[in-house]
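Secondary and tertiary structure notes
Now for the letters of each chain:
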Amino acid sequence: MAAVQVAGSLPSGQPREAPREAIPERGNAFRRLSARLCALRPDDSSSARTEIHLLFDQLISENYSEGSGVAPEDVSALLVQACRLVPLNQNHLVSKVYPRVIVDEQHLDFLLAYTISAIHQCSSWTHMEILQALAALLYCNGSKCQKYLPELLGKTGLLMKLSDLAQSDPEVRRAAVHCMANLCLSVPGQPYVEEPYQNICFQAFLTILQSPKSSDMDDITFCMLLQNALKGIQSLLNGGRMKLTQTDELGALLAVLKKFMFHGLPGLNIEMPTVLYPTPLPQYDGRTPIKPQQSESSASRPTLKKSKVKPKKIQQGEEEEKESSGEVEAASVTGTGRVNLHEGNTWCPSSLGVQSLPLDGSGAAGKDGVSSPFSSSSWKRVSSSESDYSDAEGGMQSKMRSYQAKVRQGALVCFLSTIKSIEKKVLYGYWSAFIPDTPELGSPQSVSLMTLTLKDPSPKTRACALQVLSAILEGSKQFLSVAEDTSDHRRAFTPFSVMIASSIRELHRCLLLALVAESSSQTLTQIIKCLANLVSNAPYNRLKLSLLTKVWNQIKPYIRHKDVNVRVSSLTLLGAIVSTHAPLPEVQLLLQQPCSSGLGNSNSATPHLSPPDWWKKAPAAPSLEETSVSSPKGSSEPCWLIRLCISIVVLPKEDSCSGSDAGSAAGSAYEPSPMRLEALQNDRQILCITVLLGLNDSKNRLVKAATSRALGVYVLFPCLRQDVIFVADTANAILMSLEDKSLNVRAKAAWSLGNLTDTLIVNMETPDPSFQEEFSGLLLLKMLRSAIEASKDKDKVKSNAVRALGNLLHFLQPSHIEKPTFAEIIEESIQALISTVLTEAAMKVRWNACYAMGNVFKNPALPLGTAPWTSQAYSALTSVVTSCKNFKVRIRSAAALSVPGKREQYGSVEQYARIWNALVTALQKSEDTIDFLEFKYCASLRTQICQALIHLLSLASASDLPCIKEILELNGNMVQSYILQFLKSGAEGDDTGAPHSPQETDQMVRMALKHMDSIQAPAGDTARRAIMGFLEEILAICFESSGSQGALPGLTNQ
């Protein structure tokens, strides 16, 4: 039954029942044949074999697609019966039994055992069919096949043997690798393949990718083999199941991924080292030189004829059709790339923007030195009719190109999974291997992700490369912050900051080139998203001017693009530009441009654009061309971008405006920008707030998410945060969004709730108490309940929900706490924080929970020390400070333990002793980690623990002294050495606050010593004297090491 295909059966859950009653006639033939097969009994006679052959042939010819009236579980039961009837020595019958179906769990075990036995016993010519069936059985069933894993993946396992390089049949080898890839695939919610077998599969896939193509394997089979190996690694990495902790292991994977990112790309043939190592410098780029196939005159960059070629409108999806029909993109040297990137001297790198783009026949390149984004497609592709090969050869080459493109896409998707499975700080060690740098004059451009974006003939591959680049750029602000090129560096070496700045410039140049050259709307959207990620993370205040201006001028026409996704991403990019930190004069000048500047080009065709006035229909408004950025001294009208965003939000949906546009407009218009809300007149401020609060009721999830985030920004504005009515309205809107079905909406709402509660704390610190008095107690109750529920949500929501809980509990006034209605909700809130501190959630969540607990301790009105939850809260924090894998979480828990300012807030003597003992233990274990990335936080952790210990000493009571003395007798030397380090170096800057000077840290110890001296200890007590001696010795050593002379001030005479 080799041709059987069953649809409608899912890998997890119950299979769907086909509607038999509606189409009984379709399934009747199957049921008759099935009944005949089930009536047979095992028989090795020739007549029985003939009958089974006929039945199998008839069953194979049946229609098993969805809607055929055949239920998947009936097919599974039939397969089991067929296996029972066919002995393994009947090779022809065995080859017919095996289906390519997804079977139900009930019959999986029997069919797996039969299939594995068949491969061992049947002739080799049947192995291909049997392996295809085995691949179907293993698909998403790895966790259900545990008992067969030793037989399949052991040292002499079946799949290991068949996938080995020594396997003589290349098709069998490919099918075996396909089985392994399916075995590694799993669905969310199901257990994964055990870790030892994950490593076995990973090494097998990596070996395949590192091995050259064997002479007996054709190119298409080799491409399929590579696809299966890449898919297998992707499945292992997805969801963070497998961690790449070894540098050689990660470097080897990145090396093969870079190699196969360019597999079959016309005009490129690169050699890669076995392992890529992290380095800030560009790495080995062993491209095999490609001899030019054209004359010298044809090697110049492509230009357009003035009148012979008309720009052709390319419909969506046409690129794939052209790709399969043999059309490729033109290149200036090899005839195979999309644009020529510094090949020889044909593409001058001196212009950092888009001035190096090909001009049209008249030499015009638009207002900004750029040809129209829609007028340059006529030079990009050349018809296959102009090539040398016959139709048959062309069809074969087209098929080959399609398979090679799938390998490139597979490598890129696998790279994307790799990026998500490693820490960004590890990834950025390989920055130069994948991100372009401005080459020296006359040098070739190194191959990078931008090579694919600009030269790959497949739009899907170009989009994949851009997705990978976006993932690398996302969250890269700290890494890119070192970039600087504001001054000319004339040195014998190039500083790392200048190299990164050069890389940022080259990314701008290449992405703007790609923007102009791209014809696929889907890929165009990815280019603009990539630009938005770059703009959001690049430090433009440390870079030379004009980068943002070039992006701004080139993106403006796309806000009128016919494709809604292009419009949305364009608005997002504009929002990123106006949100750049340290308000840049360059951005202020851009906002002052007339709205018509750059929005259109009368000299170029714009087939993708909507009517030019689609967004200018806002009623009763002055001409947009007359408006400029409003400042207190200038025009009273807002700039064109705010006018555009408001018009998108308020126009009816039929006016070319979608919900996605509105969502992006809300995000763009309401981000903090150089032109702050305060700059608008009062009526304009009210309009923005009213529109925003109204949009929070939108049924479009994108709009609602963007609105929630914008509200979280507005509530931080000084002109609004003390407005009780606005804060209350915002709180109610956010609480409503917290109950939305969309995770994205809830995550944005939780972030905004955290910001709103930060505002409550800021208002507490003002001298005027009116805000606290006027803020509704019922609303506080409502916010606490919503935050408690949100703390049980996904990690994206939970991290900000616990932050909000900590702020709310800090904000509560004595008048609230005294009310019985608040008692239960306070208990629930603190229990939610305690459980989050202890849970195995994301480290960001636990960090926020510890931070929130510290905020709770800051409220003197809460019964800390006497309430039943006191011991649970301290127990959770001491557990984290001694055992959490993440050192930043440990630092935050130690900071929380040092917040209480009174001895009675630490509870009983036993509770105080447990906290002291835990901090000493944490200090002792401050270097115990298996993750080398945590070592850089060791000093900060010790600093915070030393501060907490000194703080506890400065509050100790007479009854606490014996336990302190006992612990110091055991660990005094260790504690003393770390406190001395703390005193000598001062408190290092970390995530707990500003650093302290050595003088301040010295004063902390003196205050603890003074407190010890003031304690009235009973006669004959030695604990106080021992502790004072301990502190005095620390100060004496510190004083001597500083080189000072004379007596130590403030020390008690023994």
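Residues numbered from 1 in each chain as written. Predicted model: local features only at pLDDT ≥ 70, side-chain atom pairs only at ≥ 80, totals over all residues. Heavy atoms only, no water.

As annotated in an unreviewed UniProt entry, the chain carries the name HEAT repeat-containing protein 6 and is attributed to Rhinopithecus roxellana.

1. Points about the overall build of the chain
Across its full length, the chain carries 44 helices and four strands. When the 1054 residues of the chain are sorted by exposure, 56% land in the buried category. Within the chain, contacts between residues separated by at least 24 positions form 74% of all contacts whose residues are at least 6 apart in sequence. As presented, the chain carries roughly 45,100 Å² of accessible surface, and 52% of it is formed by carbon and sulfur atoms. (Helix = DSSP H or I, 4+ residues; strand = E, 2+ residues; numbered from the N terminus. Buried < 20%, exposed > 50% of the residue type's maximum accessible area, 1.4 Å probe, protein only. Contact = heavy atoms within 4.5 Å. Areas by Shrake-Rupley, 256 points an atom, 1.4 Å probe, with all protein chains shown as cover.)

2. Examining the packing of aromatic side chains
A full pass over the atoms with the stated rule returns 12 aromatic pairs. Centroid distance Trp431 to Phe479: 5.1 Å. Interplanar angle 50°. Geometry classified as tilted. With Trp431 in helix α16 (residues 431–434) and Phe479 in helix α19 (residues 477–480), this residue pair connects regions lying 48 residues apart in the sequence. We note that Trp431, like Phe479, is buried. Ring geometry for Tyr906 versus Tyr912: centroids 6.3 Å apart, planes at 85°, classification edge-to-face. With respect to burial, Tyr906 and Tyr912 carry one shared label: buried. (Phe/Tyr/Trp six-rings, centres within 6.5 Å; stacked < 30°, edge-to-face > 60°.)

3. Looking at the pattern of salt bridges
Overall, the coordinates contain 17 salt bridges when judged by the stated rule. The salt bridge partner of Arg462 is Glu518, with a shortest N-O separation of 2.8 Å. With a gap of 56 residues between them, Arg462 in helix α18 (residues 459–473) and Glu518 in the loop between α20 (496–517) and α21 (521–537) connect regions that are remote in the sequence. For Glu789, the salt bridge identified is with Lys792, shortest N-O distance 3.4 Å. (Salt bridge = Lys/Arg side-chain N within 4 Å of Asp/Glu carboxyl O.)

4. Describing helix α44 (residues 1023–1041)
In a regular helix each residue adds 1.5 Å, so 19 residues correspond to 27 Å; α44 covers 27 Å between its end C-alpha atoms and thus fits that length. Among all positions in α44, only Ala1023, Ile1027, Met1028, Phe1030, Leu1031, Glu1032, Ile1034, Leu1035, Cys1038 and Phe1039 are buried. Its buried side turned inward, α44 meets α41 (938–953), α42 (961–985) and α43 (998–1014). (Expected span 1.5 Å × (residues − 1).)

5. Quick look at the side chain of Ser708
Along the polypeptide, Ser708 turns up in helix α28 (residues 701–714). Beyond its immediate sequence surroundings of up to four residues, Ser708 is in contact with Asn696, Ser737, Lys748, Ala749 and Ser752.

6. Remarks on the packing of helix α10 (residues 195–210) against helix α12 (residues 247–261)
As a packed pair, α10 and α12 sit with axes 10 Å apart at the nearest point and diverge in direction by 45°. Comparing their axes, α12 and α10 come out oblique. Every pair of crossing elements has a handedness; the one defined by α10 and α12 is left-handed. Every residue of α12 that contacts α10 at Phe202, Gln203, Leu206, Leu209 and Gln210 is listed here: Glu249, Ala252, Leu253, Val256 and Phe260. Classifying every residue of the contact of α10 with α12 by side-chain character gives seven nonpolar, two polar and one charged. (Axes fitted to C-alpha atoms, helices over the stretch in contact; angles between N-to-C directions. Parallel < 35°, antiparallel > 145°, perpendicular 65-115°, else oblique. Left-handed = near helix turned anticlockwise from the far one by under 90°. Nonpolar A, V, L, I, M, F, W, Y, C, P; charged D, E, K, R; others polar.)

7. Considering the side chain of Arg746
Among the secondary structure elements, Arg746 is positioned in helix α31 (residues 743–764). Here Arg746 falls in the buried class, since its relative accessible area comes to 13%. Only 2.6 Å separates the side chain of Arg746 from the side chain of Asp793, close enough to count as a polar contact. (Polar contact = N/O pair within 3.5 Å; in protein donor to acceptor, adjacent residues only side chain to side chain.)

8. Quick word on α31
When the terminal C-alpha atoms of α31 are compared, their 32 Å separation across 22 residues agrees well with the 32 Å that a helix rising 1.5 Å per residue should span. Its side-chain oxygen at 3.3 Å from the backbone nitrogen of Asn744, Ser742 defines the N-terminal cap of α31.

9. Notes on the environment of Leu254
In this fold, Leu254 is placed in helix α12. By relative accessible area, which is 0% here, Leu254 ends up buried. Counting along the chain gives 160 residues from Leu254 to Cys414, while the straight-line C-alpha distance between them is 9.8 Å.

10. Thoughts on the confidence of the model for the chain
The predicted model of the chain averages 76 in pLDDT, with 69% of residues at 70 or higher. Low pLDDT (under 50) marks residues 987–994, which in the prediction has 21 contacts with non-local residues, meaning those over four places away or in another chain. (pLDDT = per-residue confidence, 0-100.)

11. Some words on the packing of α43 against α44
Relative orientation of the contacting elements α43 and α44 amounts to 160°, with a least axis distance of 10 Å. The orientation of α43 relative to α44 falls into the category roughly antiparallel. Every pair of crossing elements has a handedness; the one defined by α43 and α44 is left-handed. On α44, the residues touching Asp1002, Val1005, Arg1006, Ala1008, Leu1009, Met1012 and Asp1013 of α43 are Arg1024, Ile1027, Met1028, Leu1031, Glu1032 and Leu1035. For the contact of α43 with α44, a count of residues per class yields eight nonpolar, no polar and five charged.

12. As for the environment of Asn800
One can find Asn800 in helix α34 (residues 795–811). With a relative accessible area of 9%, Asn800 lands in the buried category. Linking Asn800 and Ala849, residues 49 residues apart in sequence, is a C-alpha distance of 9.1 Å. Apart from residues no more than four positions distant in its own chain, Asn800 is found in contact with Ala750, Trp751, Gly754 and Asn848.

13. Structural notes on unusual backbone geometry
One non-glycine residue, Ser546, lies in positive phi territory at about 95°. Assignment of secondary structure puts Ser546 in the loop between α21 and α22 (547–555).

14. What about the environment of Pro900?
On the secondary structure map, Pro900 appears in the loop between α39 (887–897) and α40 (909–924). Exposure remark for Pro900: the relative accessible area of 0% places this residue in the buried category. Each C-alpha atom of the pair Pro900 and Gly854 lies 8.5 Å from the other, and the pair is 46 residues apart in sequence. Residue contacts for Pro900: discarding those within four places in its chain leaves Phe857, Leu864, Tyr874, Gln905, Tyr906, His951 and Leu955.

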